[in-house]
Amino acid sequence: MTTLAEPTMALEMCDTTSAVPQVQVRAVSMLHGDPRHPVRALDGISLDIGPGEFVCVVGASGCGKSTLLNLLAGLDDPTVGSIAVAGRTSLMFQDAALFPWLTARGNVEVALELDGVARRDRRPQAEELLRTVHLEAFADRRPHELSGGMRQRVALARALARRCDLLLMDEPFGALDAMTRDLLHDELERLWIERGCAVMFVTHNVREAVRLADRVVLLSSRPGRVVGEFDIDLERPRRIGSPEVAELAAPIAERLREEVVRHGAR
Amino acid sequence: MALVEPPIAVTPEQEELAGLDALAQAESAGRRSGQGSFGAVWSATWPKLVAVVVVLVLWQVVAWSGWRPWYVLPGPAPVLRRLLEDLSTAATWHAVATTMRRALLGFSLAVVIGLALGVAVSRSEVLRRGIGSLLTGVQTMPSIAWFPLALILFQFSEGAIFFVVVIGGAPSVANGVISGIDHVPPLLIRAGRTLGAQGWSLLRLVILPAALPAIVGGLKQGWAFAWRSLLAGELIVILGSRPSLGARLELMRQSADSVGLIATMLLLLCIGVAVDAAGFGPLERHLRRRRGLEVS
């Protein structure tokens, strides 16, 4: 009896200790390239993400957004500083990066296999995940037979196949048309609410950030520093074209423009 | 579309439309269309037929010119007649069976060794520096140059043949695997790693499938090298109890049977073409189509 109850207890403990941040980034700097002439990609970044929080990181190109994501995903180690990520992460790219030799279902099944899901459970679970991104009818298509938006949906389903506490997204909808992106925003928001995982979403589109985020973090360029944080207290669901979103986006966009001009960057 | 149509009577016109529709669909799905229709088969065949006819005519002209006496260089007619005769004897098929059995066994061994070697070299920097260029060196070495050593090691036995076949085929397979793995898009490897793949699972689920087209290219080249080595070996290692195609060539040379010699060579050529047409060709096309790389 007690042995059975223990795991549940442990899970509840995790849930109740929500004061502990999901992600804790402390004074992280990152140098790239030749050690004699290093490029400082990140400079003294500190950042917390709470459990279940949706944080958008906004910055011009060259602000080290992707570097930061790689660090959080555990693909790189910081040169200076510390990073603590509680729980598991999953990463989604700007390019869908689907495996071209597999069908949509196969791509999701690989993620399930790597997550340790038993063989007989993979197929129904993959189909369930594809259903959540409204692609159940396209399970047998290969990536080259899908549109850009569909590919990103498969990538989202694949990222969600990995049970994770933190979903990292690297400009995932950057290459899509406005209408498709709008629909995917709705789906992402719905899945985020369903799953309750924390999300760190990188974008250079301020309105997209305000549409999605609980909090927007603004990074400067070369080197990347946190220059501003903006809490977004708009009621959900939001519309990217709504005046409220535009109103909140304006000062952030203004601040971003200052940064870009100050650095003479593109 | 044609499949989901309700089973009502269709006029020939409608049927034709459905057919066209199916054709367009197959094309849009990246498939080759018109397979099985006479026109497509004909358009694929006639250039080959013309090429064969041109070669036969040139051969006949050289034979007629009297450059060599007819019993040394016969024309196509007696050779083709002999080929047909040979194909109706059990001895020929026995020889084909021996040679093909050796080819398949030797090539399988070369594939296993080449795959293991290729994966090991591509995943280990030390091995790559150590034997990476050696592999290419061994690959360019003519198989016939291995024979003296093979004969010392294995005497006149099938072991000597297998030794040369494996050493002829394995480096090509290994090099195909290495270049295939080297050219896997880094993004796919990153995607695999973020999904939790590492070590063996990364190799099995991401790297090897991504490298598969190049690996098949290596297999194809390895087969060509193995097949050449095999025939060279059969010319030298002739076992009385095991008639093979190579042994036939050598025996026909010794008895100055030009007609039989050229007929056997044609048979070898046909086997080479058949292996490519029935094996590697469709396999490569299948892989390319599945990945959306085939344009037609």
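Treat the numbers as computed from the prediction; the structure is a model and nothing was measured. (Residues numbered from 1 in each chain as written. Chains lettered and ligands numbered in written order. Predicted model: local features only at pLDDT ≥ 70, side-chain atom pairs only at ≥ 80, totals over all residues. Heavy atoms only, no water.)

1. Quick notes on the overall build of chain B
Going by this rule: Strands here are runs of E lasting at least two residues and helices are runs of H or I lasting at least four, both read from the DSSP assignment and numbered beginning at the N terminus. Three exposure classes are used, based on accessible area relative to the maximum for each residue type with a 1.4 Å probe and protein chains only: buried under 20%, partly exposed in between, and exposed over 50%. Note on contacts: a residue pair is in contact if any heavy atoms of the two residues lie within 4.5 Å.
Regarding its fold elements, chain B presents 11 helices and zero strands. Along its sequence from the N terminus, chain B presents helices and strands in the succession α-α-α-α-α-α-α-α-α-α-α. Counting over 296 residues, chain B shows a buried share of 38%. The long-range share in chain B, meaning contacts at least 24 apart out of those at least 6 apart in sequence, stands at 70%.

2. Concerning the overall build of chain A
So the rule is basically this: Values of the radius of gyration come from C-alpha atoms, whereas the globule rule sets the reference at 2.2 Å times the count of residues to the power 0.38. For the accessible areas, the method is Shrake-Rupley and the probe is 1.4 Å, while residue cover comes only from the protein chains on display.
Secondary structure summary: chain A contains eight helices and nine strands in total. For chain A, whose C-alpha radius of gyration is 19 Å, the value lies close to the compact-globule estimate of 18 Å for 266 residues. With the C-alpha coordinates aligned to their principal axes, the bounding extent of chain A is approximately 55 × 50 × 45 Å. Burial analysis of chain A (266 residues in total) assigns 50% to the buried set. Contacts spanning at least 24 positions in sequence make up 71% of the contacts within chain A whose residues lie at least 6 apart. In the structure as shown, chain A presents an accessible area of about 12600 Å², 53% of it carried by carbon and sulfur atoms.

3. Side note on the confidence of the model for chain A
All names here are of chain A. Where we set the bar: The predictor attaches a confidence to each residue, called pLDDT, with possible values from 0 through 100.
Confidence in the prediction for chain A averages 84 pLDDT; 91% of positions are at 70 or higher. Here helix α1 (residues 2–16) is the element of chain A with the lowest mean pLDDT, 40, and helix α3 (residues 104–114) is the one with the highest, 94. Here residues 1–18 is modelled with pLDDT under 50, and outside its nearest four sequence neighbours on either side it reaches one contact, counting other chains as well.

4. A short note on unusual backbone geometry
Each neighbour pair has its own omega, and for R236 of chain A with P237 of chain A the value is -5 degrees, a cis peptide bond. The phi dihedral of A27 of chain A is positive, around 50 degrees, even though this residue is not glycine. Position of A27 of chain A among the secondary structure elements: in strand β1 (residues 23–32). Of note, Q155 of chain B is a non-glycine position whose phi angle comes to about 55 degrees, a positive value. A residue is classified by how much of its surface remains accessible, and Q155 of chain B, at 52% relative accessible area, is exposed.

5. Digging into the packing of helix α9 (residues 199–236) of chain B against helix α10 (residues 245–254) of chain B
How two helices sit against one another is set out by the angle between their axes and by the gap between those axes. Residue and element names in this part refer to chain B. Heads up, the condition is: Think of each axis as a best-fit line through the C-alpha atoms, taken over the contacting stretch in the case of a helix, with angles from 0 to 180 degrees between the N-to-C directions. In what follows, roughly perpendicular refers to angles from 65 to 115 degrees, roughly parallel to angles under 35, roughly antiparallel to angles over 145, and oblique to any angle outside these ranges. By convention, the crossing between two helices is left-handed when the near helix turns anticlockwise from the far helix through less than a right angle, and right-handed when the turn is clockwise. The classification used treats Ala, Val, Leu, Ile, Met, Phe, Trp, Tyr, Cys and Pro as nonpolar, Asp, Glu, Lys and Arg as charged, and all other residues, Gly among them, as polar.
Their axes nearest at 7 Å, the elements α9 and α10 cross at an angle of 50 degrees. In terms of orientation, α9 lies oblique with respect to α10. The handedness of the crossing between α9 and α10 comes out as right-handed. In this structure, α9 contributes L231, E234 and L235 to the contact, and α10 contributes L245, G246, A247, L249 and E250. Tallied by class, residues from the contact of α9 with α10 come to five nonpolar, one polar and two charged.

6. A word on the pattern of salt bridges
Pairs can form between side chains of opposite charge once their charged atoms are near each other. Put simply, the rule reads: For this analysis, a salt bridge means a side-chain nitrogen from Lys or Arg found within 4 Å of a carboxyl oxygen belonging to Asp or Glu.
This structure, assessed with the given rule, holds 35 salt bridges over all chains. Of the charged contacts, one joins R211 of chain A and D186 of chain A as a salt bridge, the two residues approaching to 2.8 Å between their closest N and O atoms. A residue pair is termed long-range when its members are at least 10 positions apart, and R211 of chain A in helix α7 (residues 206–212) and D186 of chain A in helix α6 (residues 178–195) qualify at 25 residues. Judged by relative accessible area, which is 0%, R211 of chain A ranks as buried. D186 of chain A sits in the partly exposed class, given a relative accessible area of 29%. A salt bridge links R82 of chain B to D86 of chain B; its shortest N-O distance comes to 3.2 Å.

7. Examining the confidence of the model for chain B
Residue and element names in this part refer to chain B. Across chain B, the average pLDDT comes to 84, with 87% of residues at or above 70. Contacts of residues 1–34 to residues separated by more than four positions or lying in other chains number 21 contacts, the stretch itself having pLDDT below 50. Quick note on the complex model: pTM equals 0.75, ipTM equals 0.77.

8. Re the sheet that holds strand β9 (residues 226–231) of chain A
Residue and element names in this part refer to chain A. We apply this condition: Strand pairing is assigned whenever DSSP identifies at least 2 bridges connecting the two strands.
The strand order across the open sheet formed by six strands is β5-β6-β7-β3-β8-β9, and the pairing between neighbours is mixed. If you trace the sheet from one side to the other, it starts and ends with β5 (89–92) and β9, each paired once. Ignoring strand direction, the axes of neighbouring strands in this sheet form an average angle of 15 degrees. Here four bridges tie β5 to strand β6 (residues 166–170), and the two strands are oriented parallel to one another. Residue M92 lies in a different strand from β6, and its bridge partner there is M169. Relative to β5, helix α5 (residues 148–161) is tilted by about 170 degrees, and along the sheet it contacts β5 and β6. Contacting β3 (54–58), β8 (215–219) and β9, helix α8 (residues 243–263) runs over the sheet at an angle of about 15 degrees to β8.

9. Details of the interface of chain B and chain A
Stated precisely, the cut-off is as follows: Buried area: the accessible surface (1.4 Å probe) lost by two parts on joining, summed over both. Counted as a polar contact is a pair of N or O atoms within 3.5 Å, where, for protein atoms, one must be capable of donating a hydrogen and the other of accepting one, and residues adjacent in sequence contribute only when both atoms are in side chains.
Residue-level contacts link 21 residues of chain B with 20 residues of chain A. A combined buried area of about 2000 Å² lies between chain B and chain A, and 66% of that area is made up of carbon and sulfur atoms. Among the residues chain B hides against chain A, the three largest losses belong to T194, L195 and R290 of chain B. Together they make up 34% of the total. One can count five residue pairs in polar contact (both at pLDDT 80 or more) joining chain B with chain A. Looking at the side of chain B that touches chain A, the elements that each hand over two or more residues are α8 (186–194), α9 and α11 (258–290) of chain B. For the side of chain B that touches chain A, the leading source of residues is α8 of chain B, giving seven residues. Split into classes, the residues belonging to the side of chain B that touches chain A amount to 10 nonpolar, five polar and six charged.

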